[in-house]
Amino acid sequence: MQTCEPKETDVTDATDGSKDRARVVVLGAGPAGMAAALRLAEAGLRALVLDQARAPGGQIYRDLDQPQLDAAVMGKDYHRGRALVGAFLDAARRGEIDYRPGTRVWWIEALGDALNDALNDAHRLGVRGHDGISRELVAERLIIATGAMERGWPFPGWQLPGVMQAGAAQILMKQGALLTEGPPVLAGNGPLLYLLAWQYLNAGCPPRMILDTAPNLGLARTLRHPLRAWRARGYLAKGARMLAALRRAGVPIVRGVQSLAAEGDQRLTGVRYRRRGDSDEHKFKTDWLLTHMGVVPEPQLPQGLGIEHRWQEAQQAFVPDRRDDLSVRPGVWLAGDGGGIGGAVNAEREGRLAALAVLNDLMADPLDTTADAKGAAAPIPDADNRRAVARESAALRRRRRQDLSGRRLLDALFTPPADWVERQPGETLICRCEGVSRAQLKAALGAGPAGPNQLKAFTRCGMGPCQGRLCGTNVSRLMAREQGRDMDEVGYYRIRPPLTSITLGELALAPSDHLTTQSQ
């Protein structure tokens, strides 16, 4: 991969002389982040794109700059992203996008009126570069495109070596063309589960079995929403083709799985499960168990910024509260799966929508100017261009509504069991990082904690390396059920810096003024 070196003209000194300042910062270089940066570049505005990965693409288009497996194995949907990744890298090489791979944002805060009226909507970020040094950056406008993550799905033994989430298994395929040593068992539900099974089949390692925990996928449920089914016809046809291929290959698919457990001491040696209506458990030996229970918006950065979230029953997740233009507060827009699961194509649309909203915001300020690829000031678009931006935004919103209408059918078909966590045995670890079991959480809930943060203080649940990413929603579920409250009332952990891992050595190299700010 050709390295895209940052240029000094892209980031200017802040008003107080102590911070770097960028007009537009895009966080994340997945489909939404790349599409946003490209649309801004079309308008002559050079965005600063910060991404923690070594190459653009996000999870869905990971390593497409150097694909390890062809479309015959991974599928056309994965390889269709090559055009977007290629366009993004080409624009970065031309200097139209300031792309910074290997960069982590580990803290963020709103400036308010800390500097001057012109920066009231700006935000200050702690940015750890690939050199391991943390610097401060002031973003006048911010597009968050940090994507989604796999849902934390606890069951007995899920901490054992040999048990892995489906997304991690897919990353190994994309980055190194690596498969498990022997046919794996797949368990859970959701489109990614069957996509991975199909990709393993294409790679010559058909799964030993698929244990499906989804509710009954009857035709009646689909026909109750004919318009949604029509709009989701592409997804449904794709799924039908994958299922047909798996059946032809003789891969057993066990539906109605109600309980699951991984067995073993030092590593996985076997799996046991029970189907709905069965009195006995089924057991068999296996070395690999790949699990998946859907994806949810990545919570840390939006929650850390204090963005309002609401519990969405259809996606069984806390979702940021966004306006029609995808803004979540003045000067901040949230695009892609981080704002609600919609898939890669929708993420690209939302990236362009967020970019258009930024342009509209710039046009609303007669004192502001955009910057071209060379860092020179460019005039604000005139009234004709404003009308063109409005037309483009309206067309994108219309297509987005239609596509998301179809996605809601997928949400209904693959809804995870709402009471799954509560049904697990007491010894099941809810927080793998700190080794906190469901029984320990239930005992602590008996003391009447006011919210997840107090429960965290009682048990250390959520204090480990993942900072609550995998246990946070499950803790809220247990608390809501135990205390008879709804999820919005219970809420989520209060997220504090660092938002990502950072060493004491890196902290020691950070400027002392922002460390003082963060300790207050």
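Before going into details, it helps to say that this report is about the structure given with it. Just so you know, these numbers come straight off a predicted model, no measurement behind them. (Residues numbered from 1 in each chain as written. Predicted model: local features only at pLDDT ≥ 70, side-chain atom pairs only at ≥ 80, totals over all residues. Heavy atoms only, no water.)

Comments concerning the state of the cysteines
- Across all of its chains, the model carries 0 disulfides by this definition.
- No disulfide involves C471; its sulfur sits 3.8 Å from the nearest other cysteine sulfur, which is in C461.
- Since its relative accessible area comes to 1%, C471 is described here as buried. (Disulfide = S-S within 2.5 Å. Buried < 20%, exposed > 50% of the residue type's maximum accessible area, 1.4 Å probe, protein only.)

Examining the packing of helix 5 (residues 166–176) against helix 6 (residues 191–202)
- Following both chains from N to C, one finds helix 5 and helix 6 inclined at 35 degrees, their axes separated by 10 Å at the closest point. Crossing geometry of helix 5 relative to helix 6 is assigned as left-handed. Listed contacts from helix 6 to A166, G167, A169, Q170 and M173 of helix 5 are L192, L195, L196, Q199 and Y200.
- When grouped by side-chain class, the residues that make up the contact of helix 5 with helix 6 number 7 nonpolar, 3 polar and no charged. (Axes fitted to C-alpha atoms, helices over the stretch in contact; angles between N-to-C directions. Helix = DSSP H or I, 4+ residues; strand = E, 2+ residues; numbered from the N terminus. Left-handed = near helix turned anticlockwise from the far one by under 90°. Contact = heavy atoms within 4.5 Å. Nonpolar A, V, L, I, M, F, W, Y, C, P; charged D, E, K, R; others polar.)

A look at the environment of T291
- Residue placement: T291 occurs in strand 16 (residues 289–293).
- Excluding residues within four positions of it along the chain, T291 makes contact with E150, W153, F155, V163, M164, Q165, A166 and A187.

Topic: the packing of helix 1 (residues 31–42) against helix 11 (residues 344–363)
- Between helix 1 and helix 11, the shortest axis-to-axis distance is 7 Å and the interhelical angle comes to 40 degrees. When the interaxial angle is binned, helix 1 and helix 11 end up oblique. For the pair helix 1 and helix 11, the sense of crossing is right-handed. Where helix 1 abuts helix 11, its residues P31, A32, A35, A36, R39, L40 and E42 lie against A344, A347, E348, G351, R352, A355, L356, V358 and L359.
- For the contact of helix 1 with helix 11, a count of residues per class yields 11 nonpolar, 1 polar and 4 charged. (Parallel < 35°, antiparallel > 145°, perpendicular 65-115°, else oblique.)

Looking at the sheet that holds strand 9 (residues 163–165)
- Strand order in the open sheet formed by 5 strands is 9-16-10-11-12, with parallel pairing between adjacent strands. Every interior strand has two partners, whereas the edge strands, strand 9 and strand 12 (253–254), have only one.
- Across 2 bridges, the pairing between strand 11 (residues 209–212) and strand 12 is parallel. Looking at the pairing, I210 lines up with I253 of strand 12.
- Running over the sheet, helix 6 touches strand 10 (185–189), strand 11, strand 12 and strand 16 and is turned about 160 degrees from strand 10. (Pairing = 2+ DSSP bridges.)

So, helix 15 (residues 472–483)
- Its 12 residues give helix 15 an end-to-end C-alpha distance of 17 Å, which sits within 8% of 16 Å, the value for a rise of 1.5 Å per residue.
- Those residues of helix 15 not exposed but buried are G472, N474, V475, S476, R477, L478, M479 and A480.
- Contacts made by the buried residues of helix 15 are with strand 18 (309–312), strand 19 (317–320), strand 24 (429–431), helix 13 (438–445), helix 14 (452–459) and helix 16 (487–490). (Expected span 1.5 Å × (residues − 1).)

Let's talk about the nonpolar core
- Of all hydrophobic cores here, the largest spans 65 residues; its most connected members are L40, F88 and I97.
- Per element, the largest residue contribution to this core is 11 residues, and it comes from helix 11.
- The contacts of L40, once residues within four sequence positions are left out, are V24, L45, A47, I143, A355, V358 and L359. (Core = buried A, V, L, I, M, F, W, Y, C linked by side-chain atoms within 4.5 Å.)

Things to note about unusual backbone geometry
- For the peptide bond that leads from P497 to P498, omega is 5 degrees, which places it in the cis range.
- Within the element layout of this structure, P498 appears in the loop between helix 16 and helix 17 (504–509).
- Look at Q316: it is not a glycine, yet its phi comes out positive at around 50 degrees.
- Along the polypeptide, Q316 turns up in the loop between strand 18 and strand 19.

Concerning the pairing of strand 18
- Burial along strand 18 is one-sided: H309 and W311 are buried, while R310 and Q312, pointing the other way, are not.
- Pairing of strand 18 with strand 19 involves 4 bridges; the strand directions are antiparallel. Opposite W311, over in strand 19, you have F318 as the bridge partner.
- Linkage of strand 18 to strand 19, two consecutive antiparallel strands, is achieved through a turn of 4 residues, within which Q316 is found at a positive phi near 50 degrees.

Description of the environment of N346
- The topology assignment puts N346 in helix 11.
- It is 9.6 Å that separates the C-alpha atoms of N346 and L396, two residues lying 50 residues apart in sequence.
- When near neighbours in sequence (up to four residues on either side) are disregarded, N346 contacts R400, D403 and L404.

What to know about the sheet that holds strand 14 (residues 270–275)
- Pairing is antiparallel in the open sheet, where 3 strands are placed in the order 13-14-15. Pairing within the sheet leaves two strands with one partner each, and these edge strands are strand 13 (257–263) and strand 15 (282–285). Between one strand axis and the next, the sheet turns by 20 degrees as a mean value, whatever way the strands run.
- Both strand 14 and strand 15 contribute to a ladder of 4 bridges, which runs antiparallel. Within strand 15, the residue paired with G270 across the bridge is K285.

Considerations on helix 9 (residues 233–248)
- Between the first and last C-alpha of helix 9 there are 22 Å, a value that for 16 residues agrees with the 22 Å anticipated at 1.5 Å per step.
- Buried positions along helix 9 lie against helix 6, strand 11 and strand 12.

Here we look at the pattern of salt bridges
- Per the counting criterion, the structure on display carries 30 salt bridges.
- In this structure, R485 and E489 form a salt bridge, with 3.6 Å as the shortest nitrogen-oxygen distance.
- Because the salt bridges share partners, they merge into one network encompassing R21, E140, R141 and D361. (Salt bridge = Lys/Arg side-chain N within 4 Å of Asp/Glu carboxyl O.)

Describing the packing of aromatic side chains
- Following the criterion strictly, the structure yields 8 aromatic pairs and no others.
- Where W106 meets W107, the ring centres are 6.2 Å apart and the plane angle is 80 degrees; that geometry is what we call edge-to-face. In terms of burial, W106 and W107 fall into one category: buried.
- On the basis of an interplanar angle of 40 degrees and a centroid distance of 5.2 Å, the ring pair of W153 and W420 is categorised as tilted. Of the two residues, W153 is situated in the loop between strand 8 (148–150) and strand 9 and W420 in the loop between helix 12 (383–413) and strand 24; the sequence distance between them amounts to 267 residues.
- For W153, a relative accessible area of 4% puts it in the buried group.
- Geometry around Y235 places R407 over its ring, the cationic atom sitting 5.2 Å from the centre. (Phe/Tyr/Trp six-rings, centres within 6.5 Å; stacked < 30°, edge-to-face > 60°. Lys NZ or Arg CZ within 6 Å of the ring centre and 35° of its normal.)

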